[in-house]
Amino acid sequence: MVILVCKRNAGSFTYDGIEVGAERVAKEIEETLEELARDGYKIKKLSMVGYSLGGLVVRYAIGL
């Protein structure tokens, strides 16, 4: 199990809005998945969790 705590929306970056925040999160997840694949991990499942505004960002990021 690998747990990724996204950091690109930390601090005042949440004021940029759901769309921009979700794009940042999606990019961070894609980069992490590529890095894990290079290290030999085989990703079979992906779960995403967020509460409050983070939940909205996560839902939008899933759509991307």
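Look up: the structure comes first, before these words.
What counts as what
- Residues numbered from 1 in each chain as written.
- Predicted model: local features only at pLDDT ≥ 70, side-chain atom pairs only at ≥ 80, totals over all residues.
- Heavy atoms only, no water.
- Patch = residues over 30% accessible without salt bridge, like charges linked within 9 Å, V, L, I, M, F, W, Y side chains within 5 Å.
- Areas by Shrake-Rupley, 256 points an atom, 1.4 Å probe, with all protein chains shown as cover.
- Salt bridge = Lys/Arg side-chain N within 4 Å of Asp/Glu carboxyl O.
- Helix = DSSP H or I, 4+ residues; strand = E, 2+ residues; numbered from the N terminus.
- Buried < 20%, exposed > 50% of the residue type's maximum accessible area, 1.4 Å probe, protein only.
- Polar contact = N/O pair within 3.5 Å; in protein donor to acceptor, adjacent residues only side chain to side chain.

(A) Just a nonpolar patch on the surface, in detail. A cluster of nonpolar residues, Met1, Ile3 and Val5, forms a patch on the protein surface that exposes about 440 Å² of accessible area. Mapped onto the fold, Ile3 is located in the segment before α1 (18–38).

(B) Fine view of the environment of Arg8. Along the polypeptide, Arg8 turns up in the segment before α1. Among the residues examined, Arg8 registers a relative accessible area of 31% and is labelled partly exposed. For the pair formed by Arg8 and Glu23, sequence separation is 15 residues and the distance between their alpha carbons is 10.0 Å. In terms of polar contacts, Arg8 uses its side chain to reach the side chain of Glu31, at 2.3 Å.

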